[in-house]
2 protein chains.
Amino acid sequence: MSENVFVIGHKSPDLDSVTAAISYARFKNLSENTDIYKPAIAGEINRETAYALERFNIEKPDILLSADGREVILVDHNEFAQAVDGIRSARIKEVLDHHKVDFKYGEPIRFEIEPWGSSNTIIADKFFKSNVELNKDLAGLMLSAILVDTVITKSPTCTDKDKEIIEKLSVQAGIADWKEFGMDIFKVRSSVNELSAEEIIRSDFKDFILKTGKFGIGQVETHAVPRGQFFERQQPQAVALFENFGMRRNRPQAHAVEARIAHAPQVFLDCGQGLHHARGVVIRES
Amino acid sequence: MSENVFVIGHKSPDLDSVTAAISYARFKNLSENTDIYKPAIAGEINRETAYALERFNIEKPDILLSADGREVILVDHNEFAQAVDGIRSARIKEVLDHHKVDFKYGEPIRFEIEPWGSSNTIIADKFFKSNVELNKDLAGLMLSAILVDTVITKSPTCTDKDKEIIEKLSVQAGIADWKEFGMDIFKVRSSVNELSAEEIIRSDFKDFILKTGKFGIGQVETHAVPRGQFFERQQPQAVALFENFGMRRNRPQAHAVEARIAHAPQVFLDCGQGLHHARGVVIRES
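Residues numbered from 1 in each chain as written. Chains lettered and ligands numbered in written order. Predicted model: local features only at pLDDT ≥ 70, side-chain atom pairs only at ≥ 80, totals over all residues. Heavy atoms only, no water.

**Q** Hey, could you run me through the overall build of chain A in this one?
**A** Along the backbone of chain A there are eight helices and twelve strands. Within chain A, residue pairs in contact and separated by at least 24 positions form 58% of the contacts whose partners lie at least 6 positions apart. Roughly 12,500 Å² of accessible area belongs to chain A as shown, and the carbon and sulfur atoms make up 47% of that amount. (Helix = DSSP H or I, 4+ residues; strand = E, 2+ residues; numbered from the N terminus. Contact = heavy atoms within 4.5 Å. Areas by Shrake-Rupley, 256 points an atom, 1.4 Å probe, with all protein chains shown as cover.)

Given below as structure tokens:
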């Protein structure tokens, strides 16, 4: 009997990360005619992930507390700083991601990065190019993940490949109007009224390591929410937290000096030894 | 008019590296219906590369002296220590390789590693899976590269995928007996009688960076050569050079304490701060 291989996304799992674990494990099991690949999560899921899993009747993966000694496939991230605990003593079998590469490992493994808008775009492309069956529910879940990561195709990270896959998945999932469907998910994602400021930022929190220190940043999407509901009341609170929270968590002396709200998501951080430019990690208005 | 994108392998180019630059540039040009992809080399080619290029009437790529400011695709390597000069100020568009990952770059790019025996196995697989035409000469050149890198399928790095692709390329190239063809190339590769010991080691020299320092190692394949012709006369000379040359070039105080000649290629090096184990970089007997 073969040992399980855990397919797992980053800490503070978001919809793309959790769905990639589920969809890639399914793709690997079906295409290799096995059941050794198990989706797992590295932390509790956020609100829109819970919503999408329930909507498409797909089970929430189990949390993997430590990857120590385990065989793992990393999806939707490749930096160890963002990975499940124990990653340095795990046996990494493979990586599939759409982010920049910052990786070092002692032996050759399958390592696939496509600079597309979502990890699920890469995995859906594999389903469509192979003879592996993609059922209606999983197609719907993957569509949800791509729509969130590409901000319903409005994000600057959205590529033609993402648009092509969104169309194909909509047909497969039997969802006639993917724009309207995307808006539904963003309404869930943005219904932050009953959350504390810390819960908002924690919902998509990632660690980053620069030469000058370690820090963390959370991101909130406010697309599809009436301005009065979030921007005017919640945004200042969220930004303030943004400036303090990442620092409190990791490097007390660091402080954000500027957080520009713009279409191109970007933030400037002063980590004590000069200004750093971190991309894709700010509250953005669309 | 678009700018050229140089497809380039590592320094001290070997047959797999040079052929990967040629074959991947051709694949990209044909599949994207363009001519912007230009194969290039990062140094002078070795003996069996010259032999294979001549045999299949394929032109030797131009040497790219510096990648500074250029758009490049890296093939058959991903570590900057092994790359063309000026790589840190190049615009890297893509990486295709079969070695372990040791890479960091500031933005998401296409990055593809398959842990197969040769870079050309990955590229040939792309030709066979697409509708892009692979002509007889290029198929022969790619077959040569895979046979060298897998030591005619006898290397521990040779996978089932390499064997599958070797069979397919043989048909495409019209080469009936690929084992015999592989032996022909190894005879050229191993005809070292008229070379100096330094030329032998230089012919496949790669730089490696460890925490304790930088060093370089050359590798010589002695497959298909009568023992009396190389092992008894040349090998001691080559090994001695192996112990001195890499050190002289990079880190004078480093010295090899043990170089085991074995089926599993391995070497132990003392770089001044303890013993390091470097894989795949020793003269091997097959």
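There is more to say, and it comes next.
**Q** Is there a simple way to think about the packing of helix H4 (residues 136-149) of chain B against helix H5 (residues 160-173) of chain B in this case?
**A** Between two packed helices, both the angle of their axes relative to each other and the distance between the axes serve to describe the pair. Residue and element names in this part refer to chain B. Between H4 and H5, the least distance of the axes is 8 Å, while the angle of their chain directions is 145°. At the point where H4 passes H5, the crossing takes the left-handed sense. Between H4 and H5, the contacting residues are Lys136, Ala139, Gly140, Met142, Leu143, Ile146 and Leu147 on the first element and Asp162, Ile165, Ile166, Leu169, Ser170, Gln172 and Ala173 on the second. (Axes fitted to C-alpha atoms, helices over the stretch in contact; angles between N-to-C directions. Left-handed = near helix turned anticlockwise from the far one by under 90°.)

**Q** I'm lost on the interface of chain B and chain A in this one. Help?
**A** A common measure of how large an interface is: the accessible area buried when the components associate. Each partner contributes to the interface: chain B provides 19 residues, whereas chain A provides 19 residues. Summed over both partners, the interface of chain B with chain A buries about 1,600 Å², with 50% contributed by carbon and sulfur atoms. Taken together, the links from chain B to chain A amount to four salt bridges. A:Arg110 serves as the salt-bridge partner of B:Glu114, at 2.7 Å between the closest nitrogen and oxygen. Where chain B meets chain A, there are nine residue pairs in polar contact (both at pLDDT 80 or more). For the side of chain B that touches chain A, the secondary structure elements donating two or more residues are strand E6 (102-104) and strand E7 (110-113) of chain B. The element contributing the most residues to the side of chain B that touches chain A is E7(B), with four residues. Residues of the side of chain B that touches chain A, tallied by class, amount to eight nonpolar, three polar and eight charged. In this structure, strand E6 (residues 102-104) of chain A lies alongside E6(B), joined through three bridges in antiparallel fashion. Across the sheet, A:Asp102 pairs through a bridge with B:Lys104, a residue of E6(B). (Buried area = accessible area lost by both parts, 1.4 Å probe. Salt bridge = Lys/Arg side-chain N within 4 Å of Asp/Glu carboxyl O. Polar contact = N/O pair within 3.5 Å; in protein donor to acceptor, adjacent residues only side chain to side chain. Nonpolar A, V, L, I, M, F, W, Y, C, P; charged D, E, K, R; others polar. Pairing = 2+ DSSP bridges.)

**Q** Any chance you could explain the relation of the copies chain B and chain A here in plain terms?
**A** Each copy of the chain is related to the other by a rotation around an axis and a translation along that axis. Expressed as a screw operation, the relation of chain B to chain A combines 0.0 Å of axial shift with a rotation of 180°, fitting to an RMSD of 0.0 Å. Such a turn and shift between the copies fits a two-fold axis. For chain B, the residue whose C-alpha comes nearest the rotation axis is B:Glu112, separated from it by 2.4 Å. Residue by residue, 100% of the interface of chain B is reproduced at the interface of chain A, so both copies engage with the same surface. (Least-squares fit on C-alpha atoms with pLDDT ≥ 70 in both.)

**Q** Just checking my understanding: could you explain the pairing of strand E1 (residues 5-8) of chain B for this structure?
**A** When a strand is regular, its side chains alternate between the sheet's two faces. All names here are of chain B. Here E1 shows no split at all, with Val5 and Val7 on one side and Phe6 and Ile8 on the other all buried. Pairing geometry for E1 and strand E2 (residues 37-41), over four bridges, is parallel. When the bridges of E2 are listed, Ile8 appears paired with Ala40. Of the crossover connections in this fold, the one passing from E1 over helix H1 (residues 15-31) to the parallel E2 is right-handed. As paired elements, E1 and strand E4 (residues 71-75) share four bridges and run parallel to each other. Bridge pairing in E4 links Phe6 to Val72. (Buried < 20%, exposed > 50% of the residue type's maximum accessible area, 1.4 Å probe, protein only. Right-handed = clockwise from strand over helix to strand, strands pointing away.)

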